[in-house]
Amino acid sequence: MTLRDAWPVLAFGLVAALLPAFVTAGTLLNFAIFTLILCLAAQGWNILGGYGGQYSFGHAAFFGTGAYCAGILQVRYGVNPYVTFLAGIALAAAVGAVIGFLSFRSGLRGSYFALVTLAFAEVFRVLANAVPFTGGAAGLLIPLDARPVNFQFGERGSFYLIVLALVVLALLLTRALERSRLGAQLVAVRENEEAARALGVDALRVKLAAITLSAGITGAAGGLYAQYFLYVDSTIAYGTWISVEALLAPIIGGAGTVFGPVVGAIVLHSLAEATRSLVGRIPGIDLVIYGIVLILVVRFPPRRLPALIRARWRR
Amino acid sequence: MNSFPPEIVLEAVANGLLTGAVYGLVALGLTLVYGVLHIINFAHGALLTLAMYAAWVAWAAFGLDPYVAIIPLVPIFFAAGYAVQRLVIGPASRGDDQNILLVTLGLSIVLENAMLAIFRSDTLSVQVDYAMEVVEAPLFFSAPMLLSFPRLVGFGVAFLVAGVLFVLLTMTDTGRAIRAVAKERTGAALSGIDVAHIYAVTFGIGTACLAVAACLLLPSFYVNPRVGNAFVLVAFTIVVMGGMGSVPGALLGGLVIGVVESLSGLYLGDSLGQLGIFVIFILVLLFRPTGLFGARA
């Protein structure tokens, strides 16, 4: 990867880094941090789903592992939050490697892979809800102690910059993957696995690398979530909502592109906020909009939009 | 692990079989849609929730007994299923596997959250005087075991519906067309079968099965916007276990899962009891994705 490959990402990072200088409203920064955390989770999904074509419906398994690992090590063993954050990424990546090994070795693809990842996430959710180690149904509260050494900050601006830095890192990583041999092999597996294998691509190894990286990135999002909201429970960490968020953003913004998840997450959350301010806080209404947008995007893929408009124009 | 006297275990097995038949009915709709359209319908659970709300509204607003509500709800849900496949899923997916996954996922998100917006997250149930009634089944070695009346009705009706479906699929022209499309879509189209119509009819039948299941569940169960999720993973488990697309496999799988759930609830407690199903699901997917009963994918 050269500077020429990286400059759009760096430019995005620089512009976004200016936000706290202009915006001091807590709610807006809060919104920006939450959206960026979801960008990160979605970028994780994008590596496996977008570039690798393996649609996971259970990225909550990785998000939750990152979140719980960060929380449990801090609360129960008093480990430094920065260390627990990294440990969460490592553990999420390991969980990804194991789930990937089991499912890809059995040759699960397409709908079957979606189903098995969904089931794994549900198993984690039921377990986390039942065993006392995770705080059970009551959840896990990380004690408030706002000092930078604790990965907690008095004002939101600093946390925003850290989350942004991690998102930029994930974007650079994705860009590097795109330019690498592994990335090319991954896309080859997505387009035609048999053909890729016939050309000597070790499909299992490539997919395993993708799911490990993917799970690690989504796990980082989970760790950030726990650290920002200082609370984790089984429906937040392992709930279907995060699996859906992680999948929707890249699909809507453009799966298998560097900026797709960022665009998708921003579009979705702006839409949700706009709806809330229009019709009030009716529970579930934002997700109704998400669902409709998802169906419309599949029905009228944005890539085909220019062609569709031209066809109408000529008529 | 606790040990229980045999009559308790036997009662758990019997209750599991009764619940399992309704699971089987839910799975029947799913497997039929899979067998013919070759799609995994993620909206199945949300459609079940919708049917349960419809049955609840029929009871709350019109005073209709859930068992009577089957009569109006089946045609309504058949029509709804037909329309959803014809107007939403079919055009949006353009036959692509991943598009179908996404469209049905989108549909389930819309339905589930629209119900959350309308009914809020409160748990609703119907009050009918037979809900708590039990039937005594004699056992020769101990006191008779008690079986819940609504579950017994559910068991009977589920098998009745399966029988009707069997007759429909084997003895009518539409049934023959459905089986033809399931076996060989292009060939069926070439011999003059309207494939898009048959797809929609199949989807409609699958949705109508849900309407029946919803009416059977309501007297002894509750409804909230997420209730379908609990059933849909169970239904997926059953469908995968029974062999994707296999109708008898779905019924048999339903009974097995009902018993597994009931026994793991007995031995592991309610919160961990669900785990048994997911573990079976993962194991079957990993090691026998073509189904336990030898059906070929």
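If you're wondering where the values come from, they're calculated on a predicted model, not measured in any experiment. (Residues numbered from 1 in each chain as written. Chains lettered and ligands numbered in written order. Predicted model: local features only at pLDDT ≥ 70, side-chain atom pairs only at ≥ 80, totals over all residues. Heavy atoms only, no water.)

1. Some remarks on the side chain of Thr117 of chain A
All names here are of chain A.
Reasoning step 1: In this structure, Thr117 sits in helix α6 (residues 110–130).
Reasoning step 2: The class of Thr117 is buried, set by a relative accessible area of 3%.
Reasoning step 3: Of the polar contacts made by the side chain of Thr117, one reaches the backbone nitrogen of Phe57; its length is 3.1 Å.
Reasoning step 4: Contacts of Thr117, omitting those with residues within four sequence positions, involve Ser56, Phe57 and Gly58. (Helix = DSSP H or I, 4+ residues; strand = E, 2+ residues; numbered from the N terminus. Buried < 20%, exposed > 50% of the residue type's maximum accessible area, 1.4 Å probe, protein only. Polar contact = N/O pair within 3.5 Å; in protein donor to acceptor, adjacent residues only side chain to side chain. Contact = heavy atoms within 4.5 Å.)

2. Focus on the interface of chain B and chain A
Reasoning step 1: The interface of chain B with chain A comprises 38 residues on the first partner and 38 residues on the second.
Reasoning step 2: Interface of chain B and chain A: buried area, both sides summed, is about 3500 Å²; carbon and sulfur atoms make up 80% of it.
Reasoning step 3: Among the secondary structure elements, those contributing two or more residues to the side of chain B that touches chain A are α3 (66–93), α4 (97–119), α9 (227–242) and α11 (270–287) of chain B.
Reasoning step 4: Broken down by element, the side of chain B that touches chain A gets its largest block of residues, 15 residues, from α4 of chain B.
Reasoning step 5: For the side of chain B that touches chain A, the per-class residue count stands at 29 nonpolar, six polar and three charged. (Buried area = accessible area lost by both parts, 1.4 Å probe. Nonpolar A, V, L, I, M, F, W, Y, C, P; charged D, E, K, R; others polar.)

3. Topic: unusual backbone geometry
Residue and element names in this part refer to chain A.
Reasoning step 1: The phi torsion at Phe151 lies on the positive side, around 60°, for a residue other than glycine.
Reasoning step 2: With respect to the helices and strands, the residue Phe151 is situated in the loop between β1 (140–141) and α7 (156–179).
Reasoning step 3: The buried category is assigned to Phe151, whose relative accessible area is 2%.
Reasoning step 4: A positive phi angle, close to 55°, is found at Leu230, a residue other than glycine.
Reasoning step 5: With respect to the secondary-structure elements, Leu230 resides in the loop between α10 (203–229) and β2 (231–232).
Reasoning step 6: You can call Leu230 buried: its relative accessible area is 12%.

4. Regarding α10 of chain A
All names here are of chain A.
Reasoning step 1: The terminal C-alpha atoms of α10 lie 39 Å apart, and with 27 residues this matches the ideal 39 Å at 1.5 Å per residue to within 8%.
Reasoning step 2: Of all 27 residues in α10, 21 are buried; the element is thus mostly enclosed.
Reasoning step 3: Leu230 lies just past α10 and shows a positive phi near 55°. (Expected span 1.5 Å × (residues − 1).)

5. Some details on the UniProt feature "transmembrane region" (unreviewed entry) in chain A
All names here are of chain A.
Reasoning step 1: The UniProt entry lists residues 7–25, 60–79, 85–104, 111–138, 158–177, 208–228, 248–271 and 278–298 under the feature "transmembrane region" (unreviewed entry), expressed in the numbering used here.
Reasoning step 2: For residues 60–79, helix accounts for 90% and strand for 0%, while the C-alpha atoms at its two ends are 24 Å apart.
Reasoning step 3: End-to-end, the C-alpha atoms of residues 111–138 are 34 Å apart, and along that stretch the chain is 71% helix and 0% strand. (UniProt positions renumbered as here; feature names shortened; annotations may be inferred.)

6. What about the packing of aromatic side chains?
Residue and element names in this part refer to chain B.
Reasoning step 1: Using the criterion set out here, one finds 26 aromatic pairs over all chains in the structure.
Reasoning step 2: Consider the rings of Tyr23 and Phe231, whose centres lie 5.7 Å apart with planes at 70°: the pair is edge-to-face. Of the two residues, Tyr23 is situated in helix α1 (residues 6–37) and Phe231 in helix α9; the sequence distance between them amounts to 208 residues.
Reasoning step 3: Judged by relative accessible area, Phe231 falls into the buried class, the value being 4%.
Reasoning step 4: Here the aromatic rings of Phe78 and Tyr82 are separated by 6.5 Å at their centres, their planes lie at 40°, and the arrangement is tilted. On the criterion of helical spacing, the pair formed by Phe78 and Tyr82 is a turn pair, its members being four residues apart in helix α3. (Phe/Tyr/Trp six-rings, centres within 6.5 Å; stacked < 30°, edge-to-face > 60°.)

7. Structural notes on the packing of helix α4 (residues 60–77) of chain A against helix α5 (residues 81–105) of chain A
Residue and element names in this part refer to chain A.
Reasoning step 1: The geometry of α4 relative to α5 is characterised by a closest axis approach of 8 Å and an angle of 145° between their N-to-C directions. Helix-helix and strand crossings are classified by hand; for α4 and α5 the assignment is right-handed. Across from Ala61, Phe62, Thr65, Gly66, Cys69, Ala70, Leu73 and Gln74 in α4, the residues of α5 making contact are Pro81, Thr84, Ala87, Gly88, Leu91, Ala92, Val95, Gly96 and Ile99.
Reasoning step 2: Its residues assigned to classes, the contact of α4 with α5 comprises 11 nonpolar, six polar and no charged. (Axes fitted to C-alpha atoms, helices over the stretch in contact; angles between N-to-C directions. Left-handed = near helix turned anticlockwise from the far one by under 90°.)

8. Considering the side chain of Gln227 of chain A
Residue and element names in this part refer to chain A.
Reasoning step 1: In this structure, Gln227 sits in helix α10.
Reasoning step 2: A polar side-chain atom of Gln227 sits 3.3 Å from the main-chain carbonyl oxygen of Asn150.
Reasoning step 3: Apart from residues no more than four positions distant in its own chain, Gln227 is found in contact with Gln74, Pro81, Asn150, Phe151, Gln152 and Phe159.

9. Notes on empty space enclosed by the protein
Residues and elements named next belong to chain B.
Reasoning step 1: As enumerated under the stated definition, the model contains one cavity of 30 Å³ or more in all.
Reasoning step 2: Around the largest cavity, the lining residues are Leu30, Tyr34, Ile39, Ile40, Asn41, Phe236, Val239 and Met244.
Reasoning step 3: Split into classes, the residues belonging to the lining of the largest cavity amount to seven nonpolar, one polar and no charged. (1 Å grid on protein atoms, 1.4 Å probe; cavity = no way out; pocket = protein on both sides within 12 Å on 5 of 7 lines; lining within 4 Å. Points joined across faces, edges and corners; volume = space filled by probe spheres on them.)

10. Regarding the state of the cysteines
All names here are of chain B.
Reasoning step 1: Summed over all chains, the structure comprises zero disulfides over all chains.
Reasoning step 2: Looking at Cys215, it has no disulfide partner, and the nearest cysteine sulfur is the one in Cys209, 12 Å off.
Reasoning step 3: Taking the relative accessible area as the measure of exposure, Cys215 reaches 0% and is therefore buried. (Disulfide = S-S within 2.5 Å.)

11. With respect to the nonpolar core
Reasoning step 1: Judged by nonpolar contacts, the single largest core of 185 residues is most densely connected at Ile37 of chain A together with Leu25 and Phe236 of chain B.
Reasoning step 2: In terms of residues, this core owes the most to one element, helix α8 (residues 195–217) of chain B, which gives 15 residues.
Reasoning step 3: In this view, Phe236 of chain B contacts Leu115 of chain A together with Leu30, Ile40, Asn41, Phe42 and Phe281 of chain B; residues no more than four positions away in its chain are not counted.
Reasoning step 4: Ala226, Val232, Ala237 and Tyr238 of chain A belong to the second largest nonpolar core, which has 11 residues in total. (Core = buried A, V, L, I, M, F, W, Y, C linked by side-chain atoms within 4.5 Å.)

12. Focus on the pattern of salt bridges
All names here are of chain A.
Reasoning step 1: Inspection of the entire model under this criterion finds 14 salt bridges over all chains.
Reasoning step 2: Here Arg179 and Asp5 are joined by a salt bridge, their closest N and O atoms 3.1 Å apart. With Arg179 in helix α7 and Asp5 in helix α1 (residues 3–17), this residue pair connects regions lying 174 residues apart in the sequence.
Reasoning step 3: Look at Asp5 and you get buried, because its relative accessible area is 9%. (Salt bridge = Lys/Arg side-chain N within 4 Å of Asp/Glu carboxyl O.)

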